[in-house]
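Observations on chain architecture
Listed below, chain by chain, are the residues.
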Amino acid sequence: MANTQTALKEAMTSIEGTLGVALVDYSSGMALGTLGGGKDLDLTVAAAGNTDVVRAKVRTMEQLGLKDSIEDILITLGSQYHLIRLLKGRDSQGLFLYLALDKNRANLAMARHQLRRIENELEV
């Protein structure tokens, strides 16, 4: 089992093209841990903004009566992928991993696979 910092470090080093990663509590919008980012990618701002995305999707699913769960949400920009992966499990309810990728260097399928593996090893 990996703690938050180990999991974030694993994402930064093992997922090709990673620009930044965060573990976020979507009930508060607060980043519980971040790694990477920079002046062009403020992970604290991204955590809060992506919290709104997750809340909106959860609310829409409830309104539609969908009895399913969100695996991940992908936002595709001109030069980046932003991947939001909601964590499963009793101890990780209300949390998501946020991953920003350089579109030219990343393999989206592999990034999703690696992020799922990191999630499974994460102990919050």
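Notes on the structure follow. Quick caveat: nothing in here was measured; it's all calculated off a predicted structure. (Residues numbered from 1 in each chain as written. Predicted model: local features only at pLDDT ≥ 70, side-chain atom pairs only at ≥ 80, totals over all residues. Heavy atoms only, no water.)

Another aspect to go through is the sheet that holds strand S1 (residues 18–25). A sheet is described by the order of its strands in space; here 5 strands give the open sequence S2-S1-S5-S4-S3, paired in antiparallel fashion. The strands lining the two open edges of the sheet, one partner per strand, are strand S2 (30–36) and strand S3 (72–76). Adjacent strand axes in the sheet meet at a mean angle of 15° when their direction is disregarded. Looking at chain direction, strand S4 (residues 80–86) and strand S5 (residues 95–102) are connected through 7 bridges and run antiparallel. Its bridge partner being in S5, Leu-83 is matched across the sheet by Leu-99. (Pairing = 2+ DSSP bridges. Helix = DSSP H or I, 4+ residues; strand = E, 2+ residues; numbered from the N terminus. Axes fitted to C-alpha atoms, helices over the stretch in contact; angles between N-to-C directions.)

On to the pairing of S4. The buried fraction of S4 is high, at 7 of 7 residues. A two-sided burial pattern is seen for S4, the buried positions comprising Gln-80, His-82, Ile-84 and Leu-86 on one face and Tyr-81, Leu-83 and Arg-85 on the other. Here S3 pairs with S4 via 5 bridges, running antiparallel. Residue Ile-73 lies in a different strand from S4, and its bridge partner there is Ile-84. (Buried < 20%, exposed > 50% of the residue type's maximum accessible area, 1.4 Å probe, protein only.)

Time to look at the packing of helix H1 (residues 4–14) against helix H3 (residues 108–121). With their axes 10 Å apart at the nearest point, H1 and H3 run at an angle of 160° to one another. Classified by the angle between their axes, H1 and H3 sit roughly antiparallel to one another. For the element pair H1 and H3, the recorded crossing hand is right-handed. Across from Ala-7, Glu-10, Ala-11 and Ser-14 in H1, the residues of H3 making contact are Gln-114, Arg-117 and Ile-118. Its residues placed into classes, the contact of H1 with H3 shows 3 nonpolar, 2 polar and 2 charged. (Parallel < 35°, antiparallel > 145°, perpendicular 65-115°, else oblique. Left-handed = near helix turned anticlockwise from the far one by under 90°. Contact = heavy atoms within 4.5 Å. Nonpolar A, V, L, I, M, F, W, Y, C, P; charged D, E, K, R; others polar.)

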